[in-house]
Every structure is written in C-alpha cells, then in structure tokens.
Amino acid sequence: MGRKARVDQGELARLVAQGWSNGELAAHFGVTESGVLQAKRAAGLSRPMSDHRAALPWKLSREHSQSGPATNLRNLSAVAQGRTVPKEKINTALRWAGRLAEQGLDIAYDPEDGFYEVAAGDSSHIAGVLAAARVVLGSEE
C-alpha cells in the first residue's frame, strides 16, 4: 500500500490564488477532487457552505426538495448570502417572489402536498426572503 499523497497548504493557496481548478489541483497533487476540497477546507481556502434554513425552514420531503418554490427560495437565499447565482435563475426567483409579495401572498409547506400559496400575514416569509436578496442585489448595481 502506497503513502497517502500530501497536499502542501502553502502551494495549494498559491495555486488557488492563480485560479487553478479543482481538477487541475487534483492532478498536480496526485489526489482526487474530493481530496482537494478537503485540503482547501483544512487550509481555510473554501467558502463556507450556504445555509438556507432561514429561507427553507421546513423539513422538505424528497419529492419537494427540487420543486420550483424550493429552488427559487434557495436561489434567493444564496444571493442574500453573497453567492453568485446565474442571472436567469435569480430573475426567475425574483419574478416569482415579487408576484407573491405584490399580491399579498406568502408560501407555506405541507410534507404531503408540497408548497402552496396562502394570504400573507403581518410578517410574510416570502417578503423577508425577497428583501434580503434585494439588499445584496441593490448593492451590486
């Protein structure tokens, strides 16, 4: 059994700063892309994972996790956390959430039936998620 390949953190940081892809780094260091990701985390070179719990506070069943509302909420949440989301995806999410907010509607979730629209109460979930995304988007313009 051979020795486990070692990733020099200093060299890793230098190559990441030069824009090397994970595939290029894996080939260079003789490890898998998963090994590169682990080394990046250990060296503090990876961004923390997005946390979408505020935008998706429900425990989604598997069949609803990739639905339109779930995807739109994740995209709005990602933007609010400073992540890059493709323009067409964020535009879709903004139109969807904007329509709901303008019509005084909110979103609710049932594990059996999925997402459904309800009248917005005093603190609309959709309005809050939309506002958080717009704060970041407004600062980019």
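Please refer to the structure higher up on the page.
Residues numbered from 1 in each chain as written. Predicted model: local features only at pLDDT ≥ 70, side-chain atom pairs only at ≥ 80, totals over all residues. Heavy atoms only, no water.

> What's the story with the nonpolar core in this structure? I'm lost.
Generally speaking, a soluble globular protein has its nonpolar side chains buried in company with each other. In this structure, Leu73, Leu76, Val79, Ile90, Trp96, Phe115 and Ile126 are the most contacted members of the largest nonpolar core, which totals 25 residues. Elements supplying a minimum of two residues to this core: α4 (68-80), α5 (87-102), β1 (105-110) and α6 (125-140). Counting residues in hydrophobic clusters, the runner-up holds seven residues, among them Leu12, Leu25, Ala26 and Phe29. (Core = buried A, V, L, I, M, F, W, Y, C linked by side-chain atoms within 4.5 Å. Buried < 20%, exposed > 50% of the residue type's maximum accessible area, 1.4 Å probe, protein only. Helix = DSSP H or I, 4+ residues; strand = E, 2+ residues; numbered from the N terminus.)

> How should α4 be read in this particular structure?
For an α-helix, the turn length of 3.6 residues means that residues three or four places apart are oriented alike. For α4, built from 13 residues, the straight-helix expectation of 18 Å at 1.5 Å per residue is met to within 8% by its first-to-last C-alpha distance of 18 Å. Three or more residues of α4 are buried, namely Pro69, Ala70, Asn72, Leu73, Asn75, Leu76, Ser77, Ala78 and Val79. Note on α4: the residue one or two positions beyond its end, glycine 82, has a positive phi of about 85 degrees. (Expected span 1.5 Å × (residues − 1).)

> Mind showing me how you'd approach the side chain of histidine 64 here?
Take histidine 64: it is sitting in the loop between α3 (33-42) and α4. Note on histidine 64: relative accessible area 11%, which makes it buried. A polar atom in the side chain of histidine 64 sits 2.8 Å from the side chain of serine 61. Excluding residues that lie within four positions of it along the chain, histidine 64 makes contacts with Ala70, Tyr109, Asp110, Pro111, Glu112, Asp113, Gly114 and Phe115. (Polar contact = N/O pair within 3.5 Å; in protein donor to acceptor, adjacent residues only side chain to side chain. Contact = heavy atoms within 4.5 Å.)

> How should I be thinking about the pattern of salt bridges in this particular structure?
It is possible for side chains bearing opposite charge to pair when their charged atoms get close. Tallied over the entire structure, the rule returns three salt bridges. Note that arginine 53 and aspartate 51 form a salt bridge whose closest N and O atoms lie 2.5 Å from each other. We classify arginine 53 as exposed; its relative accessible area is 62%. Overall, the relative accessible area of 35% leaves aspartate 51 in the partly exposed class. The partner of arginine 99 in a salt bridge is glutamate 117, with the nearest N and O atoms 2.9 Å apart. Note that arginine 99 is positioned in helix α5 and glutamate 117 in strand β2 (residues 114-119), a separation of 18 residues in sequence. (Salt bridge = Lys/Arg side-chain N within 4 Å of Asp/Glu carboxyl O.)

> Before we go on, may I ask you to explain the pairing of β1 in this structure?
Regular strands show a simple pattern: their side chains alternate between the two faces of the sheet. Counting buried positions over the six residues of β1 gives five, a clear majority of the element. Pairing of β1 with β2, which is carried by six bridges, proceeds in the antiparallel orientation. Paired with leucine 105 across the two strands is alanine 119, which belongs to β2. Between β1 and β2, which pair antiparallel in sequence order, lie three residues. (Pairing = 2+ DSSP bridges.)

> Help me out: how do you make sense of the side chain of serine 77 in this one?
Tracing the sequence through the fold places serine 77 in helix α4. Relative accessible area serves as the criterion here: at 8%, serine 77 is assigned to the buried category. A polar contact of 2.9 Å, which involves the side chain of serine 77, links it to the side chain of glutamine 81. In this view, serine 77 contacts Asp51, His52 and Ala55; residues no more than four positions away in its chain are not counted.

> Explain the packing of helix α1 (residues 9-17) against helix α2 (residues 22-29) here, please?
What describes two packed helices is the angle between their axes and the distance between those same axes. At a minimum axis separation of 11 Å, α1 and α2 run at an interaxial angle of 145 degrees. Of the two elements, α1 crosses α2, and the hand of that crossing is right-handed. Along the contact surface, α1 presents Glu11, Leu12, Leu15 and Val16, while α2 presents Leu25, His28 and Phe29. Class assignment for the residues of the contact of α1 with α2 results in five nonpolar, one polar and one charged. (Axes fitted to C-alpha atoms, helices over the stretch in contact; angles between N-to-C directions. Left-handed = near helix turned anticlockwise from the far one by under 90°. Nonpolar A, V, L, I, M, F, W, Y, C, P; charged D, E, K, R; others polar.)

Read these as spatial facts, not as claims about activity.
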